[in-house]
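Listed below are the residues making up each chain.
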Amino acid sequence: PLSVPELNELATADNMPLALCTSLSITANMVKNDPRQSSAALLWWNIDDHIAQLSQIITDCERIVRTPVPLAYSAHTSRLLTMWTGTLPFVLVGCFSGV
């Protein structure tokens, strides 16, 4: 379980997923550097690598989300959805005419 200061730090973080990854990495490093954990050191190094990969994936996803959609894509999507919603009732009438 997280302590109250850790919960407050996560609640006030600008980027909660990356703050959580940082907190996990700090915790993993504390255990990884503990001499009593020498038999499981490889496991903690592996966990730390996975946390680093997760941080990179979060960063990549945020980059994708912040990339603006080109105007041409937006216009074509709008036209496609307008045509689809406009013709959908005619298709549905044909499907349900025998009912």
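Keep in mind it's a predicted model, so treat the numbers as computed, not measured.

**Some remarks on the pattern of salt bridges**
Scanning the entire structure with this criterion turns up 1 salt bridge. Between D60 and R63 there is a salt bridge whose closest N-O contact spans 3.3 Å. Taken as a pair, D60 and R63 lie in helix α3 (residues 41-66) at a separation of 3 residues, close to a single helical turn.

**Focus on α3**
Between the first and last C-alpha of α3 there are 38 Å, a value that for 26 residues agrees with the 38 Å anticipated at 1.5 Å per step. Inspection of α3 places D48, I51, S55 and I58 among the buried residues, and these make up the whole buried set. Lining the buried residues of α3 we find α2 (16-32).

**Overview of the environment of S78**
The topology assignment puts S78 in helix α4 (residues 71-96). With a relative accessible area of 43%, S78 lands in the partly exposed category. Separated by 33 residues in sequence, S78 and W45 have C-alpha atoms that sit 48 Å apart.

**Thoughts on the packing of α2 against α3**
Helix packing for two helices is described by the angle between their axes and how far apart those axes are. The geometry of α2 relative to α3 is characterised by a closest axis approach of 9 Å and an angle of 165 degrees between their N-to-C directions. With respect to α3, the axis of α2 lies roughly antiparallel. Like other packed secondary-structure pairs, α2 and α3 cross with a definite hand, here left-handed. For the pair α2 and α3, the contacting residues are P17, L18, C21, L24, S25, A28, N29, V31 and K32 in the first and W44, W45, D48, I51, L54, S55, I58, T59 and E62 in the second.

**Here we look at α2**
Compared with the 24 Å implied by 1.5 Å per residue over 17 residues, the 24 Å span of α2 between its first and last C-alpha is a close match. Of all the positions in α2, only A19, C21, S23, S25, A28 and K32 are classed as buried. Looking at the packing, one finds that the buried side of α2 touches α1 (4-11) and α3.

What counts as what
Residues numbered from 1 in each chain as written. Predicted model: local features only at pLDDT ≥ 70, side-chain atom pairs only at ≥ 80, totals over all residues. Heavy atoms only, no water. Salt bridge = Lys/Arg side-chain N within 4 Å of Asp/Glu carboxyl O. Helix = DSSP H or I, 4+ residues; strand = E, 2+ residues; numbered from the N terminus. Expected span 1.5 Å × (residues − 1). Buried < 20%, exposed > 50% of the residue type's maximum accessible area, 1.4 Å probe, protein only. Contact = heavy atoms within 4.5 Å. Axes fitted to C-alpha atoms, helices over the stretch in contact; angles between N-to-C directions. Parallel < 35°, antiparallel > 145°, perpendicular 65-115°, else oblique. Left-handed = near helix turned anticlockwise from the far one by under 90°.

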